[in-house]
Amino acid sequence: MRLHDMLLATLAGTSAAGVFGFPAAASAQELVSISTDPPDCAVGLREVLSLGELEDAGTIGVRPEITRTRDGEFIVASPENRGQLLVYDAEGRFRRTFGRAGDGPGEFRAPGRIRPGLDGTLLILDLGNRRITHVSPGGEALEAVDVRTLQALDFVTIDAGARFVVSGFGVGAAGLSVSTEVVDGDGATLAALGAVPAEPWIVNFFRAPVALDDRGRAWSAQPGAYAFEAWETDGGGDPVVRLAGEADWFDPGPPQPGAPITAPTPSVVMSLRFAEGLMWIATWVADANWRDNADVTPAELQLNRVLDTMLEVIDPANGELVARMRHEEALRITGDERFVFGVREDDVVPRAVLYTPSLDGPGCRSPEAPGM
């Protein structure tokens, strides 16, 4: 069973009466259109290192989550390792593991998004146990925050970890929704930042990314749309900005038969990040040659045969498309937001290849603008 299939089964078994009642999606106060003008700038990618060797104590896996700690170590979580996380040094050499499968302290069912703490600690979103676990630099569990009102897939910390913005799937009176909340250190919901009704199929594809901009506003991607909304995190109500556009490369779905193994998924916004006032977006799109590659019947690990990534940089203040590039690999962002990475199969060993992105070209605002 795929991880998102497991999430759908969990949601299907949750009664609407026992879940937070999300409001209907509200109209945004400010609408900003994303420009369709071709940019003069491109996104550059510089390969930094790779993670994963046959002799490691675990595997990089099909769809890992990766972050870098304050001390420069890389932490890898993947469903194939059954609750165990891998630790690599700054040069990409495997060092140790921590965690194990289970429901108790320091145990994980399905470790997902990993965010670094300000003090060298880690915050790990466990999709199976539906909680965020605070872990010491040595891998010891310090405390956990239960997130029960929705099936969270992504989160960011605010107020130095006193609060969290979480995004994922919720079930209310109106059915399945992609929802965003603010929760405190006890897991109590402080604010509901909107809920967008969604079809059940989208659970297996939508990543529900969330990010904070330079003004502390929480941005979320909208399912099945080339659109993004920003919210103030000190309360609910209407979103303050809605950023949307019409892109000829964006496929809203539903998925084609065989997706995402032998056919591409709908276009899926996988990652959001802000740097110097600009929004960086990574979206999975259909590979131009996916029909030829589908005849080979690729393994799940080989998503690169049917998927590319559209990398874009947008100014949310006016919708200007600052930079764009299409990369022939299914890329994700790391939890520390310093790198993007893809997974390759090399001699039957999955390896995560990490890149540093930047704005590249004479038309760019800054030759070394921070990337994702």
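The numbering scheme is per chain: residues are counted from 1 as the chain's sequence reads. With the structure being a predicted model, the display of local features is reserved for residues of pLDDT at least 70 and the display and counting of side-chain atom pairs for 80 or more, all residues being used for whole-chain, interface and lining totals. With hydrogens and water stripped out, all remaining heavy atoms of the structure feed into the side-chain values.

Q: Could you clarify how one ought to interpret empty space enclosed by the protein in this entry?
A: Over the atoms a probe the size of a water molecule is rolled, and this reveals where empty space is left. Of the grid points, spaced at 1 Å and generated over the protein atoms alone, those admitting a 1.4 Å probe that cannot get out make up cavities, while open sets with protein on both sides within 12 Å along at least five of seven lines make up pockets; any residue with an atom within 4 Å of a point is treated as lining. Grid points are joined across faces, edges and corners, and a volume is the space filled by probe spheres set on the points. For the structure shown, the criterion picks out 3 cavities of 30 Å³ or more. Its volume calculated, the second largest cavity comes out at about 70 Å³. When contributions to the lining of the second largest cavity are tallied by element, the ones reaching two or more residues are strand E15 (175-184), strand E16 (189-197), strand E18 (218-221) and strand E19 (227-231). Strands here mean DSSP runs of E at least two residues long; helices mean DSSP runs of H or I at least four residues long; both are numbered from the N terminus.

Q: Whenever I open this one, the side chain of Ser-78 confuses me. Can you help?
A: Mapped onto the secondary structure, Ser-78 falls in the loop between strand E4 (74-77) and strand E5 (85-88). A 3.5 Å cut-off defines polar contacts: any pair of N or O atoms within that distance qualifies, except that in protein one atom must be a possible hydrogen donor and the other a possible acceptor, and neighbouring residues in sequence count only when both atoms are side-chain atoms. A distance of 3.1 Å separates the side chain of Ser-78 from the backbone oxygen of Thr-59, its partner in a polar contact. Not counting the four nearest positions on each side in its chain, Ser-78 is found in contact with Thr-59, Ile-60, Gly-61 and Pro-64. Residues are treated as being in contact if the distance between any of their heavy atoms lies within 4.5 Å.

Q: Teacher, can you tell me more about the sheet that holds strand E13 (residues 151-158) here?
A: As a general point, the strands of a sheet are linked pairwise by backbone hydrogen bonds and lie either parallel or antiparallel. Pairing is antiparallel in the open sheet, where 4 strands are placed in the order E13-E14-E15-E16. Every interior strand has two partners, whereas the edge strands, E13 and E16, have only one. Taking the axes of each pair of neighbouring strands and ignoring which way they run, one obtains an average angle of 20 degrees across the sheet. DSSP bridges decide pairing: two strands pair if at least two such bridges lie between them. By the bridge criterion, 7 bridges tie E13 to strand E14 (residues 163-172) in an arrangement that is antiparallel. Within E14, the position partnered with Asp-154 by the bridge is Ser-167. Angles here are taken between N-to-C directions and fall from 0 to 180 degrees, while the axes themselves are lines fitted to C-alpha atoms, restricted in helices to the stretch in contact.

Q: Would you take a moment to explain the state of the cysteines for this structure?
A: A covalent bond between the sulfur atoms of two cysteines is what we call a disulfide. Put simply, a disulfide is two cysteine sulfurs that come within 2.5 Å. Applying the stated criterion across every chain, the model contains 1 disulfide. A sulfur-sulfur separation of 1.9 Å characterises the disulfide bridge that pairs Cys-41 with Cys-364. Classification of the bridge connecting Cys-41 and Cys-364 rests on its S-S torsion, roughly 90 degrees, and on that basis the disulfide is right-handed. Residue Cys-41 is found in the loop between strand E1 (31-33) and strand E2 (42-51), and its partner Cys-364 is found in the segment after strand E27 (349-360); the two are separated by 323 residues along the sequence. As far as burial versus exposure is concerned, Cys-41 and Cys-364 are alike and both buried. In this scheme, a residue with accessible area under 20% of its type's maximum is buried, one over 50% is exposed, and one in between is partly exposed, where area comes from a 1.4 Å probe on protein chains only.

Q: Just checking my understanding: could you explain the nonpolar core for this structure?
A: For soluble globular proteins, the rule of thumb is that nonpolar side chains tend to be buried together. Joining through side-chain atoms within 4.5 Å is the link that ties buried Ala, Val, Leu, Ile, Met, Phe, Trp, Tyr and Cys residues into a set, and such a set is a nonpolar core. One finds Ile-132, Val-166 and Phe-228 to be the most contacted residues of the largest nonpolar core, which totals 46 residues. Per-element accounting of this core gives the leading share, 4 residues, to E14. With residues up to four places along the chain from it excluded, the contact list for Val-166 reads Ile-132, Val-147, Leu-150, Ala-152, Asp-154, Phe-155, Ser-179, Thr-180, Glu-181 and Val-183. With 17 residues, the next largest nonpolar core counts Cys-41, Val-313, Val-322 and Leu-331 among its residues.

Q: Got a minute to help me understand the sheet that holds strand E9 (residues 111-116) in this structure?
A: Taken together, the 4 strands give an open sheet; going across it, the order is E9-E10-E11-E12, and neighbouring strands pair in antiparallel fashion. This sheet does not close on itself; its edge strands, each paired only once, are E9 and strand E12 (141-146). On average, each strand axis in the sheet is tilted by 20 degrees relative to the strand beside it, whichever way the strands run. Summarising the sheet, strand E10 (residues 122-126) and strand E11 (residues 131-135) pair through 5 bridges and their orientation is antiparallel. By the bridge assignment for E11, Leu-125 is matched with Ile-132.

Q: Explanation requested: the environment of Ala-144 in the structure shown.
A: Looking at where Ala-144 falls in the secondary structure, it is placed in strand E12. Ala-144 gets classed as partly exposed once you look at its relative accessible area, which sits at 45%. Considered as a pair, Ala-144 and Ile-124 are 20 residues apart in the sequence and their alpha carbons are 9.2 Å apart. Excluding its chain neighbours within four sequence positions, the residues that come into contact with Ala-144 are Arg-131, Ile-132 and Thr-133.

Q: Would you mind going over the packing of aromatic side chains with me for this structure?
A: Note on aromatic pairs: each is described by the distance of the centres and the angle between the planes. We call Phe, Tyr and Trp rings a pair once their centres come within 6.5 Å, taking the six-membered ring for Trp, and we label the pair stacked below 30 degrees between planes, edge-to-face above 60, and tilted otherwise. Counted by the stated rule, this structure contains 9 aromatic pairs. Judged by centre distance (6.3 Å) and plane angle (75 degrees), the ring pair of Tyr-226 and Phe-228 falls under edge-to-face. The burial state of Tyr-226 is the same as that of Phe-228; both residues are buried. On the numbers, 5.3 Å between centres and 75 degrees between planes, the contact of Tyr-226 with Trp-249 is edge-to-face.

Q: Would you explain the layout of surface pockets in this entry?
A: Empty space within the second largest pocket amounts to approximately 670 Å³. Lining the second largest pocket are 29 residues, and of these Pro-116, Leu-118, Leu-123, Thr-157 and Ile-158 lie nearest its centre. Of all elements in the fold, only E9, E11, E12, E13, strand E17 (210-212) and strand E21 (268-275) reach the threshold of two or more residues within the lining of the second largest pocket.

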